[in-house]
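A closer look at the structure
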Amino acid sequence: MTDLTEQQTLDIFWMQHALELAHRAETEAEVPVGAVVVYQDQVIGEGWNRPIGDTDPTAHAEIMALRSAAKKLDNYRLLDSTLYVTLEPCIMCTGAIIHARVKRVVYGALDPKAGAQQSAFTILGTDCLNHQVEVTHGIMAEECGNVLSEFFRKRRAEKKRG
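Computed from a predicted model, the values in this text were never measured in an experiment.

Looking at the overall build of the chain
Regarding its fold elements, the chain presents four helices and five strands. For the chain, the α and β elements follow one another from N to C terminus as α-β-β-α-β-α-β-β-α. What you see for the chain is a C-alpha radius of gyration of 15 Å, in line with the 15 Å of a compact globule of 162 residues. Overall size of the chain, expressed as C-alpha extent along the three principal axes, is 50 × 45 × 30 Å. Each of the 162 residues in the chain was classed as buried or not, and the buried ones make up 43%. Residue pairs at least 24 apart in sequence account for 55% of intrachain contacts in the chain once pairs closer than 6 positions are excluded. Within the chain, one finds 17 positive and 22 negative side-chain charges whose respective centroids are separated by 8 Å.

Let's talk about the pairing of strand β4 (residues 104-109)
In the case of a regular strand, side chains alternate between the two sheet surfaces. Of all the six residues making up β4, six are buried; the element is thus mostly covered by neighbouring parts of the structure. Once the chain exits strand β3 (residues 82-87) it traverses helix α3 (residues 91-100) before rejoining the sheet at β4, and the crossover so formed is right-handed. Looking at chain direction, β4 and strand β5 (residues 134-137) are connected through four bridges and run parallel. Bridge assignment links R104 to a residue of β5, and that residue is E134.

Side note on the side chain of H131
Structurally, the position occupied by H131 is in the loop between β4 and β5. Given the relative accessible area of 15%, H131 is considered buried. There is a polar contact of 2.8 Å between the side chain of H131 and the backbone oxygen of V102. In this structure H131 touches I98, R101 and V102, once residues within four positions along its chain are discounted.

A few points about the environment of A100
Residue placement: A100 occurs in helix α3. Sequence-wise, A100 and R67 are 33 residues apart; in three dimensions their C-alpha atoms are separated by 9.6 Å. In this structure A100 touches L66, Y76, R77, L78 and L79, once residues within four positions along its chain are discounted.

Examining helix α1 (residues 6-27)
Relative to the 32 Å expected for 22 residues at 1.5 Å per residue, α1 spans 32 Å between its end C-alpha atoms, a close match to the ideal helical length. Along α1, the residues that are buried comprise D11, W14, M15, A18, L19, L21, A22 and A25. Seen from one end, α1 has its buried residues packed into an arc of 165°, which puts them on one side. Opposite the buried face of α1, at more than 90 degrees from it, the exposed residues are E6, E20 and T27. Summarising the contacts, the buried residues of α1 are in contact with β1 (34-39), β2 (42-48), β3, β4, β5 and α4 (141-161). Immediately downstream of α1, the backbone of A29 shows phi near 65°, a positive value.

With respect to the state of the cysteines
Overall, the coordinates contain zero disulfides when judged by the stated rule. Among the cysteines around C90, which has no disulfide bond, C93 carries the closest sulfur, lying 3.7 Å off. The exposure class of C90 is buried, given its relative accessible area of 16%.

Let's talk about helix α2 (residues 61-73)
Helix length check: α2 (13 residues) gives 18 Å between terminal C-alpha atoms against 18 Å at 1.5 Å per residue, within 8%. Considered for burial, the residues of α2 that qualify are A61, E62, I63, M64, A65, L66, A69 and A70. On its buried side, α2 packs onto β1, β2, β3 and α3.

Cut-off values and rules
- Residues numbered from 1 in each chain as written.
- Predicted model: local features only at pLDDT ≥ 70, side-chain atom pairs only at ≥ 80, totals over all residues.
- Heavy atoms only, no water.
- Helix = DSSP H or I, 4+ residues; strand = E, 2+ residues; numbered from the N terminus.
- Rg over C-alpha atoms; globule rule 2.2 N^0.38 Å.
- Buried < 20%, exposed > 50% of the residue type's maximum accessible area, 1.4 Å probe, protein only.
- Contact = heavy atoms within 4.5 Å.
- Lys, Arg positive; Asp, Glu negative; His and termini not counted.
- Charge placed at Lys NZ, Arg CZ, Asp CG, Glu CD.
- Right-handed = clockwise from strand over helix to strand, strands pointing away.
- Pairing = 2+ DSSP bridges.
- Polar contact = N/O pair within 3.5 Å; in protein donor to acceptor, adjacent residues only side chain to side chain.
- Expected span 1.5 Å × (residues − 1).
- Arc of directions from axis to C-beta.
- Disulfide = S-S within 2.5 Å.

As structure tokens, this is what we get:
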């Protein structure tokens, strides 16, 4: 086994926190995605998927975490922050990440249908925009993916039962 770097250890620690938030989404019958914004080793924002409960198509985990962080800092710019999210962000969320000037995004599972960094699109790292975001992917990918897979497996089984 290889020794983890300090950054990898921190990434795993914060991704575990994001996974806890994903489980909270699941308890609210939402797709289990969680996100946490960290600045100077402190949580400044948290979020989990809430579009159904909030009747808000923009209430993705990342957006909720960014909103929370901006309020805490009293600033819409989240310079030098890191966003940890259990699922690869979508186009809407990557736009918000760029506008908030998040320094770094760390995500777990890939989103083959809607992922806007690696899977379907590559937005965060493009040099076409006025802000580039550092990206680390695959942190706890299996665990993050399993939470989503199990959620959808249960949902399909419930639909079959009627």
